[in-house]
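# Structure at a glance
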Amino acid sequence: MRFFSTGLFRGLLAQVLGTIVGMAFVMAVRVIMGLPAWSAEASVQEPVLVGGVLIGAISFLVGVGIFDDWFKWARGISTVDSIEPDPAKPNWMRYFSVDYDHKVIGIQYGVTSLLLLGIGGTLAMLFRTELAQSGITFLNSDIFETILGYSSEHLYNTLMSLHGIVMIASILLGVGALSNYLVPLLIGANDMAFPRLNSFGFWVNVPGAIILLSSMFFGGFDTGWVGYPPLSLRAPIGMQMFLIGVYLVGLSSISGAINVIVTTFTMRAKGMSLFKMPIFVWAALATAFIQFTATQLIALSFQLIILERLLGMKFFDATAGGDPILYQHLFWFYSHPAVYVFILPGLGVISELLPVFARKPLFGYKWIAMSSLGIALVGFFVWAHHMFASGMSPYLRLPFMYATLLVAVPTGVKFFSWVGTLWEAKITLPTPMLFVLGAIIIFLLGGVTGPPLGTIATDLHLHDTYFVVGHFHNTMFGGYIFPFFAALYYWFPKLTGRMYNEKLGKLHFWAMWLAFMVLTLGMLFIGLQGMRRRVVDYDLDLGFDATHLIMTIAGFVIFFSVVVGLLNLIYSARRGKEAKGNVWNSRSPEWQISSPPPLHNYAQPFEVVGEPYDYGLPNSTYVNMTPAPDGAHGAE
Amino acid sequence: MIHLAIVSVLVIVSTVLLGLFLTTADLLPPQASLQAETVDWLFGVHWWFIAFFVSLITVFILYSVIVFRRRKGERGDGKYVTGNHQLEILWTIIPIAIVIWMAVIGASTLADVERRDPQAITVDVFASQWVWRFEYTVPVVGENGEEILTAVASDTLVLPKDQQVILRLHSQDVIHSFFVPEFRVKQDVLPGGEEFTRELRVTPKLEGEFKVRCAEICGRLHYDMQAGIMVVPGSEFDAWLQEQSGECNLSDAECGQRWSQTYGCVACHSLNGDEGVGPTWLGLFGSQVELADGSTVTADEAYLLNSIQDPNAQIVAGFPPGIMPQDFDERLAELQIQQIIAFIMSLEAE
């Protein structure tokens, strides 16, 4: 079995051993301190388990081999910079081991992201089934209690909380997949600036995700993904697994962001000034700025909870001089901008694909590029709009209302520019374009449901209702899920050299789009009616049963449409029709080389000689793939 | 140009139809407070903006997809237009103006919703996992004819119609949130004592029964954390308050039953033997209680008194500590505690 010699297997093995060693270590320290090493009490188990999983996570990274080169450097041994794959090993093994090729890492990110998407979706189907009718009728099944050992209400809270954070992890990985695979290809680089850091950024997610999911088996947690204290201080040990898991995934965001920023600024092809970059790169850059500057704050806020739980530090305990609202500020200072991390790459995909399928230049390129930066910037000044009902200083709410509504301006610029791109175009509607157009409509719904949440008086009614849930899912589906699938279908021939099945692709789109519209309109409607979020049950006499049943059915349609989509891609990757050339007739450089791209992307550096989206301008090209050698027309 | 004209007409038609639908469909629950009128007016403004922007973008896109679609066999690209700075500036400036105006009316409606009436009455709201309790402060005439303040507890929030009420919100454990959809207002309830007490102002104007439900996730039974609200005419409210503030002239056990209702005891301690958030009271007195530390005690009067005054001292096996509020010793008079114990003693198992 070759699998046993992959980095992944060695990493997992090391994680198990490391966890045991870590637990033994904490137990030994406790014994020296005169404390009980282990007991049935959660307060004794918690520090032992936390120590265990932390050492386990580090052991995974050592085991997988991500530190090998750095260890060698520390010992003064030099390493090779670009590693050719070992021809003796089958190609698939590269994807299960440490590899420095950005395309391999991009696919590692993407597949892990889809795996988490499946898990998060399954969690949603479980609690959506429960919500199909009033009364607790599904999660109270004995099977759940036997496996997990907690009540149906707590199970619902855990499923709902995990759904949120697993999806967020999936999205962050998906964003990583897009920027890692695409940025070097789009700007004409052969790899990312820091390949080892890039690989680290991916692999740290694996122990992170494992620890995150393990929370289910450590009593779960019932705080939602926001983890507000004091509730999160009282939650079972699963809470710690959630906090540590997210902490690790956050490390990935930061290291990935450094890579994107440095790669974009230093490794662009000759002639590619910033305003001649493919527009997706602007979105990836704006995203990386946010990730690089904000992620530390969620790490900090989670760290405070971890420490308050472990060591009894009273950061958020009002009776000891702490402040429960402080956490919410720290948390949202990351978690609001994080929402733009989720959507900006998706909006970039929309802007990138529209001109190709409209056969028309991107309308207002500079405005769209700047609007990404604008959204990223304004996104830092709006965090407290999540807290209008929190009991923070009442006057503080007003500046946040002004800032929040301002987000509409750069977002509006994007919408109007997209409309401008489509106007008088020559539109074709293959699957990726359908996903792009579907995304715009859904994101539009997310956009227009924003202002009622932005003005405080109306938000006080809507806060913590399904209206917020609907608004949020609109932005996520419109800003990430649909564009992500658009990107998957669009670059699938590039990744595999084969074509997906168009009919199944369209089936995937229409089923998912229609079902999502039903789901979200249902959410918005019962939210206005006062349906609270994060509840396992609702009163029959509220009259929400019918809407919930329809929403549950719609949820299942979405789930199975994604299954169809993924089966289509998996099957087509092996058996699909060959598609080697420039299948979409795109001007972008990655389509001018073979599919899948060769190991180091471009055999020779290309030169940018035109605008990226000048469709409709005769005899123009964006890149010259075979420029004359530099010496021919002198140094510039 | 003809395309633009057609689309403009379609956008206007779509805006009017969608706007009329949104403003006439019953999207919001009944308006049961003065504040709800202001909030709903602002919702009305939002509906029209939503109708306009949804129409503007979707009509343009749908029209483009249908009319500017590449026909079968057609080759070639769309019109070569890279942008239009005047247009971009226009659709930056106009939205800025709109959002500033919207923020201004957002601020003024907020001022309306939060306006404090000097005549307002005050009710203290106590939230704990997973119970609401309400306390009114009522002046009564003491033995020597002087006016003294007495607290009236209730498990239902009874409110007078057309009179502003200031709800002072206190949490005894985690963050909760006071939410009545018909009132359109919401406020988180924070733990931490006086410094973290927050106010919510509401002026009921519709008689009837409503429910307050907790809107901030607060643990296992969050979904079920609710209490009744009754809005009654002012005169009825005064009579109710007088009746509640009167002394209890019933037997000790019957008075105890009343306090166990009004102070919310029975929300967690069942009277029929079911296991709730706390142990049942049925057949509790005189039984052998197994504690979390493994020891066993007899549930005598001293045990019951101790369990009310210091709930975390003797935790019953199978129940988590820290759930029961620890301030009943301060909130209840000694006599009331004695009467509650008498009530528990009367609940013999069959």
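Residues numbered from 1 in each chain as written. Chains lettered and ligands numbered in written order. Predicted model: local features only at pLDDT ≥ 70, side-chain atom pairs only at ≥ 80, totals over all residues. Heavy atoms only, no water.

## A few points about the overall build of chain A
Selection criterion: The way it works is that DSSP assigns letters per residue, a run of H or I at least four long becomes a helix, a run of E at least two long becomes a strand, and they are numbered from the N terminus. Values of the radius of gyration come from C-alpha atoms, whereas the globule rule sets the reference at 2.2 Å times the count of residues to the power 0.38. We call a residue buried when its accessible area falls under 20% of the maximum for its residue type, exposed when it is over 50%, and partly exposed in between, using a 1.4 Å probe and counting protein chains only. Contacts: residue pairs with any heavy atoms within 4.5 Å of one another. For the accessible areas, the method is Shrake-Rupley and the probe is 1.4 Å, while residue cover comes only from the protein chains on display. In this charge count, Lys and Arg are treated as positive and Asp and Glu as negative; neither His nor the chain ends contribute. Note that the charge is assigned to NZ on lysines, CZ on arginines, CG on aspartates and CD on glutamates.
When helices and strands are tallied, chain A shows 22 helices and 2 strands. What you see for chain A is a C-alpha radius of gyration of 25 Å, in line with the 26 Å of a compact globule of 636 residues. Dimensions of chain A, computed from the C-alpha atoms along their principal axes, are close to 75 × 60 × 50 Å. Here chain A holds 636 residues, and 64% of them are scored as buried. Partitioning the contacts of chain A with sequence separation of at least 6, the portion at a separation of at least 24 is 80%. Entry remark: accessible area of chain A is about 22,300 Å², with carbon and sulfur atoms responsible for 70%. Averaged over its 34 positive side-chain charges, chain A has a centre that lies 9 Å from the centre of its 34 negative ones.

## Observations concerning the overall build of chain B
Helix and strand counts for chain B stand at 8 helices and 12 strands. A compact globule built from 350 residues would reach a C-alpha radius of gyration of about 20 Å, whereas chain B, at 29 Å, exceeds it by more than 25%. Considering only C-alpha atoms, chain B reaches an extent of 90 × 55 × 35 Å along its principal axes. Per-residue burial over chain B gives 48% buried out of 350 residues. Long-range pairs, those at least 24 residues apart, make up 65% of the contacts in chain B with a sequence separation of at least 6. With an accessible surface of roughly 16,700 Å², chain B has 56% of that area assigned to carbon and sulfur atoms. Across chain B, 21 positive and 45 negative side-chain charges occur, with their mean positions spaced 23 Å apart.

## A closer look at the pairing of strand β6 (residues 176–180) of chain B
Residues and elements named next belong to chain B. How we decide: Paired strands, as defined in this entry, are two strands with at least two bridges between them according to DSSP.
Most of β6 sits out of view: 5 of its 5 residues are buried. The alternating pattern of β6 places His176, Phe178 and Val180 and Ser177 and Phe179 on opposite faces, both of which are buried. Between β6 and strand β7 (residues 185–189), which pair antiparallel one after the other, the connecting turn spans 4 residues, and Arg184 there sits at a positive phi close to 65°. Alignment of β6 against strand β9 (residues 208–214), held across 2 bridges, turns out to be antiparallel. Paired with Phe179 across the strands is Arg213, a residue of β9.

## Concerning a nonpolar patch on the surface
Note the threshold: Residues with no salt bridge and a relative accessible area higher than 30% make up the patches, which join like charges within 9 Å and nonpolar side chains (Val, Leu, Ile, Met, Phe, Trp, Tyr) within 5 Å. Salt-bridge detection follows one rule: a side-chain nitrogen of Lys or Arg within 4 Å of a carboxyl oxygen of Asp or Glu.
The grouping of A:Leu13, A:Val16, A:Leu17 and A:Ile20 at the surface amounts to a nonpolar patch, some 380 Å² of accessible area in total. Tracing the backbone shows A:Ile20 in helix α1 (residues 7–32).

## Considerations on the environment of A:Arg397
Rules: By the criterion applied in these results, polar contacts are pairs of N or O atoms within 3.5 Å in which, for protein atoms, one can donate a hydrogen and the other can accept it, and in which residues neighboring in sequence qualify only through two side-chain atoms.
As for its position among the elements, A:Arg397 is in helix α15 (residues 397–406). Spatially, the C-alpha atoms of A:Arg397 and A:Ile456 are 7.6 Å apart, while their sequence positions differ by 59 residues. With residues near it in sequence (within four places) discarded, A:Arg397 still touches A:Phe388, A:Met392, A:Ile456, A:Leu460, B:Leu110 and B:Glu114. A polar contact of 2.9 Å, which involves the side chain of A:Arg397, links it to the side chain of B:Glu114.

## Focus: the interface of chain A and chain B
Many analyses report the size of an interface as the accessible area lost when the parts associate. Condition: Put simply, buried area is the surface a 1.4 Å probe can reach on two separate parts but cannot reach once they are joined, added for both. Polar here means any residue other than Ala, Val, Leu, Ile, Met, Phe, Trp, Tyr, Cys and Pro, which are nonpolar, and Asp, Glu, Lys and Arg, which are charged; Gly is therefore polar.
Listed per partner, the contact involves 85 residues of chain A and 86 residues of chain B. Of the roughly 7,600 Å² buried at the junction of chain A and chain B (both faces included), carbon and sulfur atoms supply 68%. Sorting the residues of chain A by area buried against chain B places A:Phe416, A:Trp423 and A:Arg532 first, and these three jointly supply 10% of that buried surface. Taken together, chain A and chain B are joined by 7 salt bridges. Across the pair B:Arg213 and A:Asp539 runs a salt bridge, and its minimum N-O distance is 2.7 Å. Between chain A and chain B we count 27 residue pairs in polar contact (both at pLDDT 80 or more) in total. Along the lines of polarity and charge, the residues of the side of chain A that touches chain B split into 50 nonpolar, 19 polar and 16 charged.

## Side note on the packing of aromatic side chains
Given two aromatic rings, one states the distance between the centres and the angle between the planes to describe the pair. Residue and element names in this part refer to chain A. Worth spelling out the cut-off: Two rings belonging to Phe, Tyr or Trp (six-membered ring only in the last case) form a pair when the distance between their centres is within 6.5 Å. Interplanar angles under 30 degrees mark stacking, angles over 60 mark edge-to-face geometry, and anything in between is tilted.
All told, the structure shown has 65 aromatic pairs over all chains when counted by the stated rule. An angle of 70° between the planes, with centres 4.7 Å apart, marks the rings of Phe4 and Phe9 as edge-to-face. Given the relative accessible area of 47%, Phe4 is considered partly exposed. Joined through ring pairs, the aromatic side chains of Phe435, Phe477, Tyr480, Phe482, Phe484, Phe485, Tyr489, Tyr500, Phe509, Trp510, Trp513 and Phe516 make up one cluster.

## Quick look at the side chain of A:Asn474
The topology assignment puts A:Asn474 in helix α20 (residues 466–496). If near-sequence neighbours (up to four positions away) are discounted, A:Asn474 is found in contact with A:Ile442, A:Phe443, A:Leu445, A:Gly446, A:Thr449, A:Gly479, A:Phe516, A:Thr520 and A:Leu524.

## Regarding α1(A)
What sets the pattern is the α-helix's 3.6 residues per turn: residues three or four places apart point alike. Residue and element names in this part refer to chain A. Selection rule: One less than the number of residues in a helix, times 1.5 Å, gives the span that helix is expected to have.
Taking 1.5 Å of rise per residue, the 26 residues of α1 would be expected to cover 38 Å, and the 36 Å separating its terminal C-alpha atoms lies within 8% of that figure. Of the residues making up α1, those classed as buried are Gly7, Leu8, Gly11, Ala14, Gln15, Gly18, Thr19, Gly22, Met23, Val26 and Arg30. Considering only its buried residues, α1 is in contact with α2 (42–64), α8 (195–203) and α9 (205–214). Gly34 sits one or two residues past α1 and shows a positive phi near 80°.

## Here's the deal with the pattern of salt bridges
Following the criterion strictly, the structure yields 23 salt bridges over all chains and no others. B:Asp40 is paired through a salt bridge with B:Arg184; the nearest N and O atoms lie 2.7 Å apart. Linking B:Asp40 in helix α2 (residues 34–67) with B:Arg184 in the loop between β6 and β7, this pair joins segments that are 144 residues apart in sequence. One connected set of salt bridges, linked through shared partners, spans A:Arg94, A:Asp99, A:Asp101 and A:Lys103.

## Let's talk about the sheet that holds strand β8 (residues 198–202) of chain B
All names here are of chain B. The line we're drawing: Here an angle of 0 to 180 degrees is reported between the N-to-C directions of two axes, which are lines fitted to C-alpha atoms, with helices fitted over the stretch in contact.
Strand order across the open sheet formed by 5 strands is β3-β2-β1-β5-β8, with mixed pairing between neighbours. Bordering the open sheet on either side are β3 (147–154) and β8, each of which pairs with just one other strand. Between one strand axis and the next, the sheet turns through 30° on average, direction left out of account. As paired strands, strand β5 (residues 165–171) and β8 are joined by 5 bridges and run antiparallel to one another. Within β8, the position partnered with Leu167 by the bridge is Leu200.

## Observations concerning a negative patch on the surface
On the surface, a cluster of negative charge is contributed by B:Asp310, B:Asp329, B:Glu330 and B:Glu334. For B:Glu334, a relative accessible area of 66% translates into the label exposed.

## Side note on the sheet that holds β7(B)
Residues and elements named next belong to chain B. Reading across from one edge, β4-β10-β9-β6-β7 is the order of the 5 strands in this open sheet, with mixed pairing throughout. The two strands at the open ends of the sheet, each matched to only one other strand, are β4 (157–160) and β7. When strand polarity is set aside, the average angle formed by the axes of neighbouring strands in this sheet is 25°. Where β9 meets strand β10 (residues 226–232), 6 bridges bridge the pair, whose relative direction is antiparallel. Along β10, the bridge assignment pairs Val212 with Ala227.

## Observations concerning the nonpolar core
Defined as follows: Residue types Ala, Val, Leu, Ile, Met, Phe, Trp, Tyr and Cys, when buried and joined through side-chain atoms within 4.5 Å, form a set referred to as a nonpolar core.
Judged by nonpolar contacts, the single largest core of 295 residues is most densely connected at B:Trp132, B:Phe134, B:Tyr136, B:Leu167, B:Phe178, B:Phe183 and B:Ile229. When residues in this core are grouped by element, the largest group, 22 residues, is from helix α7 (residues 152–187) of chain A. Setting aside residues no more than four positions away along its own chain, B:Phe134 makes contact with B:Val123, B:Asp124, B:Val125, B:Val152, B:Ala153, B:Ser154, B:Asp155, B:Thr156, B:Leu157, B:Phe178, B:Val212 and B:Ala227.

## Some points on helix α12 (residues 279–311) of chain A
All names here are of chain A. What counts is decided by this rule: Two axes are fitted around each residue, one to the seven residues ending there and one to the seven starting there, and the angle between them is reported as the bend at that residue.
Counted at 1.5 Å a residue, the expected span for α12 with its 33 residues is 48 Å, and the 48 Å between its end C-alpha atoms agrees. For α12, the principal kink sits at Ala294 and spans about 35°. Gly312 occupies a position one or two residues after α12 and carries a positive phi of about 70°.

## Thoughts on the packing of helix α13 (residues 324–358) of chain A against α20(A)
All names here are of chain A. Keep this limit in mind: When describing relative orientation, an angle under 35 degrees is termed roughly parallel and one over 145 degrees roughly antiparallel, while 65 to 115 degrees is termed roughly perpendicular and anything else oblique. If you view the pair so one helix is near and one far, a crossing is left-handed when the near helix is turned anticlockwise from the far one by less than a right angle, and right-handed when it is turned clockwise.
With their axes 8 Å apart at the nearest point, α13 and α20 run at an angle of 45° to one another. Of the possible angle classes, the one that applies to α13 and α20 is oblique. Helix-helix and strand crossings are classified by hand; for α13 and α20 the assignment is left-handed. Across the interface between the two elements, Val339, Phe342, Ile343, Gly346, Leu347, Val349, Ile350, Glu352, Leu353, Val356 and Phe357 of α13 pack against Phe472, Thr475, Met476, Gly478, Gly479, Tyr480, Pro483, Ala486, Ala487, Tyr490 and Trp491 of α20.

## Considering a positive patch on the surface
A contiguous patch of positive charge on the surface is contributed by A:Lys506, B:Arg69, B:Arg71 and B:Lys72. Note that B:Arg71 resides in the loop between α2 and α3 (85–114). Overall, the relative accessible area of 47% leaves B:Arg71 in the partly exposed class.

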